[in-house]
Amino acid sequence: MTPAAYVHLDLEAARHNLAQVKRYAPDNKIMAVIKANAYGHGMTRIATALEAADGFAVARVDEGVRLRAAGVRQPITVLQGFVCADELQLLLQHQLDAVVHTPEQIAILQQQPATGPALSVWLKMDTGMNRLGFKGADFNAAYQALLACPLVNQPVNLITHFANADDLLDDKTRTQIELFTSAIKGFPGQCSIANSAGVIGWPNVISDWVRPGLMLYGCSPFAGKTGGDFGLKPVMSLHSRLIAVKDVAAGETVGYSGIWQCHAAMRLGVISIGYGDGYHRHTRSGAPVLVNGQRAALVGRVSMDMITVDLSSQPNARPGDPVTLWGDQLPIEEIARHADTIPYTLLCGITQRVQILEHPTLTA
């Protein structure tokens, strides 16, 4: 029996997207970003599918520990690093690399006895994101402190993060590139700067490692574009089914608060999906869905378990007919625009009650 709401994952598409990253960055190592449960796709599943990646990046220590428990052997970088000695011990125990971005982290490293394995670190420079990292003289002081720390593997690696790389007309990215490359000139460690937008939009950035995230899942990091524009394939598609078809008279309203009114007598379809499944509540009327492979427009407010669509163009639609909310023929970027959000939010928002189905020949 087909579930009421389900996600289909195409793991071959993930491998294709990894190959596209290599095409964009042929001279770089690839640190595949699989934080936040691989953007809702399943962290261990995607790590297995992307076993050809040179390494992985996660946000938090517990994510890295889970990957090691699942048998992932590639380098794993924890982008938020550690905030206490206990987390540092987990990093050492599981041979996880850490981003160092605060003086407090350096103090913790200096206080620990260097009696076991050392920690590989990425020292983070704040080049304009103003989130994590050291600036100016503080960066140089942090670098010298890590050089002198017996618990730290040498050489120290160097990392920063783009703030506006998804806007190709914004000079801030070029400023960040120049600041980073100038500051680390002559340093022996490896460096990393480019996210997905950097990989595609700023191809001349000198960097040992790139850190693609969104593009691995088949999405565009640029507004007004889709993954397909860059040779990417969607890994996730979201599906449901019609559960009712009904006729509604002109002038009647549809859904909570009556925010949408029928302009004429029309057929409506009710679909078994809503914000309880991760279909964004703020998706506006007019957003497309595919019913039997044909476009139909969302009408009315998204409910917890159901949405309604205009079936005027599909007189033969019946309960049980298949529905696609986003996927191969309906780019998630288009749905995100109708919800005033970004693809990341939709991918990460799929809830636990949605069943995940993998292509039977591609199950990892």
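Everything that follows concerns the structure shown earlier in this document.
This text gives an overview of the structure that appears in the document. Treat the numbers as computed from the prediction; the structure is a model and nothing was measured. (Residues numbered from 1 in each chain as written. Predicted model: local features only at pLDDT ≥ 70, side-chain atom pairs only at ≥ 80, totals over all residues. Heavy atoms only, no water.)

Here's the deal with the overall build of the chain
Along the backbone of the chain there are 11 helices and 18 strands. Along the three orthogonal principal directions, the C-alpha set of the chain runs to about 75 × 45 × 35 Å. Burial status across the chain gives 51% buried among its 364 residues. Taking the intrachain contacts of the chain between residues at least 6 apart in sequence as the baseline, contacts between residues at least 24 apart amount to 63%. (Helix = DSSP H or I, 4+ residues; strand = E, 2+ residues; numbered from the N terminus. Buried < 20%, exposed > 50% of the residue type's maximum accessible area, 1.4 Å probe, protein only. Contact = heavy atoms within 4.5 Å.)

Topic: the sheet that holds strand S9 (residues 209–210)
Taken together, eight strands build a closed barrel; the order of strands is S2-S3-S4-S5-S6-S7-S8-S9 and the barrel is parallel. In terms of strand pairing, strand S2 (residues 29–33) meets strand S3 (residues 55–58) through three bridges, oriented parallel. Paired with Val33 across the bridge in S3 is Ala57. Across the sheet, helix H4 (residues 61–69) lies against S3 and strand S4 (76–78), angled at about 165° from S4, the strand it touches most. Across the sheet, helix H7 (residues 136–147) touches strand S5 (97–100), strand S6 (121–124) and strand S7 (157–159), and the angle it forms with S6 is around 160°. (Pairing = 2+ DSSP bridges. Axes fitted to C-alpha atoms, helices over the stretch in contact; angles between N-to-C directions.)

Observations concerning the packing of aromatic side chains
Applying the stated criterion to the full structure yields five aromatic pairs. Aromatic pair Tyr39 and Tyr344: ring centres 5.8 Å apart, planes at 40°, arrangement tilted. Of this pair, Tyr39 sits in helix H2 (residues 35–40) while Tyr344 sits in helix H11 (residues 343–348), and the two are 305 residues apart along the sequence. Taking the relative accessible area as the measure of exposure, Tyr39 reaches 6% and is therefore buried. Overall, the relative accessible area of 33% leaves Tyr344 in the partly exposed class. (Phe/Tyr/Trp six-rings, centres within 6.5 Å; stacked < 30°, edge-to-face > 60°.)

A closer look at the packing of helix H6 (residues 103–111) against H7
Viewed as axis vectors pointing N to C, H6 and H7 meet at an angle of 15°, and their least axial separation amounts to 10 Å. Comparing the axis directions of H6 and H7 gives the class roughly parallel. Considering how the two elements wind past one another, H6 and H7 form a crossing that is left-handed. Residues Ile106, Leu109 and Gln110 of H6 form the contact with H7, whose participating residues are Ala142, Ala145 and Leu146. Along the lines of polarity and charge, the residues of the contact of H6 with H7 split into five nonpolar, one polar and no charged. (Parallel < 35°, antiparallel > 145°, perpendicular 65-115°, else oblique. Left-handed = near helix turned anticlockwise from the far one by under 90°. Nonpolar A, V, L, I, M, F, W, Y, C, P; charged D, E, K, R; others polar.)

Description of the pattern of salt bridges
Across all of its chains, the model carries eight salt bridges by this definition. For Arg45, the salt bridge is made with Glu358, and the minimal N-O distance between the two is 2.3 Å. On the criterion of sequence distance, the pair formed by Arg45 in helix H3 (residues 43–49) and Glu358 in strand S18 (residues 355–358) is long-range, its members being 313 residues apart. With a shortest N-O distance of 2.7 Å, Asp277 and Arg353 are connected by a salt bridge. On the criterion of sequence distance, the pair formed by Asp277 in the loop between strand S13 (266–271) and strand S14 (288–291) and Arg353 in the loop between H11 and S18 is long-range, its members being 76 residues apart. The exposure class of Arg353 is partly exposed, given its relative accessible area of 45%. (Salt bridge = Lys/Arg side-chain N within 4 Å of Asp/Glu carboxyl O.)

Quick look at helix H8 (residues 172–183)
Spanning 12 residues, H8 covers 16 Å between terminal C-alpha atoms, matching the ideal 16 Å at 1.5 Å per step. Those residues of H8 that sit buried are Thr173, Gln176, Ile177 and Phe180. Within H8, the buried residues cover an arc of 100° as seen down the axis, which keeps them to one side. In this structure, the buried residues of H8 make contact with S7 and strand S8 (191–194). (Expected span 1.5 Å × (residues − 1). Arc of directions from axis to C-beta.)

A word on the environment of Tyr275
On the secondary structure map, Tyr275 appears in the loop between S13 and S14. Here Tyr275 falls in the partly exposed class, since its relative accessible area comes to 36%. Here the alpha-carbon distance between Tyr275 and Met306, two residues 31 residues apart in the chain, equals 8.2 Å. Setting aside residues up to four positions removed in sequence, Tyr275 forms contacts with Arg281, Val302, Ser303, Met304 and Thr351.

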